[in-house]
Amino acid sequence: MDIEPEVLALIQHAKRVTILTGAGVSAESGVATFRAYKEETQESLWSQYDPQKMASIDGFRENPNRVWQWYQWRRNELKNKEPNDAHKAIAKWQQSKTQNVTLITQNVDGLHQAGGSKDVIELHGNIWRNHCLQCLADYNGDVDGVETVIECPECGGQIRPSVVWFSEALPEQAWRDAESASYSCDLFLSVGTSSQVYPAAGLAALAKSQGATVIEVNPEPTESSVVDYCIEGKAGEVFKTLNI
Ligand code: NAD
Ligand code: APR
């Protein structure tokens with residue numbers, strides 16, 4: 001795949017890079033995205049499941065065991081997934097001595113950490129962690145194979161996956177860190193996200209408003225109006241070509 005020399009130069013000469021990733025960065029690891037693009041072969045999650053039933057606080061209150069079992073199914077699906085070239089390249093780039101690289105992800109799969117990233121701003125939480133819905137205490141017990149909602153040992157409440165659900169607020173510190181990284185970068189790289197879900201989808205506009213260049217890596221350009229350049233390709237293949 002060819003990347004325009006002008007785009008390559010922008011990426012290589014940027015001093016402060018902020019990367020925002022979405023489900024597409026894990027697609028080459030075999031993880032289903034939420035909203036498919038036209039050539040995508042794998043069924044997207046929201047075409048098979050109702051997000052309001054499976055990934056919302058109302059859905060959990062209505063039927064806790066159904067939501068718990070859906071996340072147990074997703075954890076089983078994710079268990080044997082490996083980080084791909086994009087995860088590994090981003091982790092290597094974060095070690096750069098000449099560029100300051102900050103990684104923000106909407107993904108909950110932990111594949112950036114598995115690929116070597118030490119610092120990951122997780123806007124939507126992490127599917128491998130659980131906490132109590134009522135008292136918010138972390139729950140570190142082994143949940144493997146547990147098919148019904150666990151009672152919180154601290155307060156008797158309900159243990160839930162530590163994932164941000166629809167209509168829930170994002171983790172405050174993660175959001176502050178993401179805003180700050182978007183305000184202070186000279187390059188904002190949006191990788192594998194449909195840029196449809198706020199507030200994450202608004203970070204590129206924040207970066208743009210302070211003069212950053214916005215580059216998208218996606219097989220299919222999104223409708224985001226603030227993108228300056230789109231590298232049309234799969235994240236793993238693009239990062240292999242970038243060789244940063
Ligand atoms: P939403 O439109 O309901 O609002 C997102 C939430 O983020 C709001 O409730 C608000 O508290 C907060 N927010 C919005 N703008 C903000 C800002 N400028 N500063 C700080 N906080 C702000 O979002 P949604 O589409 O209903 O989903 C909520 C979040 O949960 C989204 O980010 C979504 O991607 C995420 N989500 C995750 C999963 C998953 O499985 N990981 C599934 C569904 C939704
Ligand atoms: N490389 C790069 N991009 C890819 C690849 C790939 N190999 N495969 C698919 N894509 C792109 C698709 O074109 C699409 O634009 O990834 C994007 C995936 O978009 P979504 O499935 O909407 O995922 P995301 O943007 O992360 O969704 C945001 O919505 O439901 C919530 O909380 C959930 O975090 C998620 C949020």
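Residues numbered from 1 in each chain as written. Chains lettered and ligands numbered in written order. Predicted model: local features only at pLDDT ≥ 70, side-chain atom pairs only at ≥ 80, totals over all residues. Heavy atoms only, no water.

Regarding its fold elements, the protein presents ten helices and nine strands. With the C-alpha coordinates of the protein rotated into their principal frame, the extents come out at 55 × 35 × 30 Å. By the burial criterion, 50% of the 244 residues in the protein qualify as buried. Across the protein, every contact between residues at least 6 apart in sequence was considered, and the portion connecting residues at least 24 apart equals 67%. Of the roughly 11800 Å² of accessible surface on the protein, 47% is carried by carbon and sulfur atoms. (Helix = DSSP H or I, 4+ residues; strand = E, 2+ residues; numbered from the N terminus. Buried < 20%, exposed > 50% of the residue type's maximum accessible area, 1.4 Å probe, protein only. Contact = heavy atoms within 4.5 Å. Areas by Shrake-Rupley, 256 points an atom, 1.4 Å probe, with all protein chains shown as cover.)

Taken together, 22 residues sit near ligand 2, with Phe34, Arg35, Thr193, Ser194 and Asn218 positioned nearest. Gly192 places a main-chain nitrogen or oxygen 3.3 Å from an oxygen atom of ligand 2. At a separation of 2.6 Å, an oxygen atom of ligand 2 approaches a polar side-chain atom of Ser194. Across the complex, the protein chains shield 95% of the 730 Å² of accessible surface that ligand 2 would expose by itself. Residue composition of the shell around ligand 2, grouped by class: nine nonpolar, nine polar and four charged. Built from parts of two domains, the shell around ligand 2 gets at least three residues from each of domain 1 (5–31 + 82–124 + 170–242) and domain 2 (32–80 + 129–163). (Near = heavy atom within 4 Å. Polar contact = N/O pair within 3.5 Å; in protein donor to acceptor, adjacent residues only side chain to side chain. Nonpolar A, V, L, I, M, F, W, Y, C, P; charged D, E, K, R; others polar. Domains from an automatic or database assignment.)

Between its terminal C-alpha atoms helix α8 (residues 172–183) stretches 17 Å, which fits the 16 Å expected from twelve residues at 1.5 Å a residue. Every buried residue of α8 is accounted for by Ala174, Ala178, Ala181 and Ser182. When α8 is viewed along its axis, its buried side chains cluster within an angular range of 100° and face the same direction. At its buried positions, α8 is contacted by β1 (16–21), β2 (100–105), β3 (121–122), β7 (187–191) and α9 (203–209). (Expected span 1.5 Å × (residues − 1). Arc of directions from axis to C-beta.)

On to the domain arrangement of the protein, then. Looking at the protein, the domain boundaries give domain 1 (5–31 + 82–124 + 170–242) and domain 2 (32–80 + 129–163). For the pair domain 1 and domain 2, the summed buried surface comes to about 1200 Å²; carbon and sulfur atoms form 56% of the total. Among the residues domain 1 hides against domain 2, the three largest losses belong to Val31, Val108 and Glu220. Together they make up 37% of the total. Across the domain 1-domain 2 interface, the total number found is one salt bridge. Across the salt bridge formed by Arg129 and Glu122, the nearest N and O atoms sit 3.1 Å from each other. Where domain 1 touches domain 2, the interface holds two residue pairs in polar contact (both at pLDDT 80 or more). (Buried area = accessible area lost by both parts, 1.4 Å probe. Salt bridge = Lys/Arg side-chain N within 4 Å of Asp/Glu carboxyl O.)

To continue, consider the packing of helix α6 (residues 85–93) against helix α10 (residues 235–242). Remark: α6 packs on α10, axes separated minimally by 7 Å, with the N-to-C direction vectors making an angle of 40°. Taken together, the axis directions place α6 and α10 in an arrangement best described as oblique. For the crossing formed where α6 meets α10, the hand is left-handed. Each of Asp85, Ala86, Ala89, Ile90 and Trp93 in α6 lies in contact with α10, whose residues at this interface are Ala235, Gly236, Phe239 and Lys240. Residues belonging to the contact of α6 with α10 are distributed by class as follows: six nonpolar, one polar and two charged. (Axes fitted to C-alpha atoms, helices over the stretch in contact; angles between N-to-C directions. Parallel < 35°, antiparallel > 145°, perpendicular 65-115°, else oblique. Left-handed = near helix turned anticlockwise from the far one by under 90°.)

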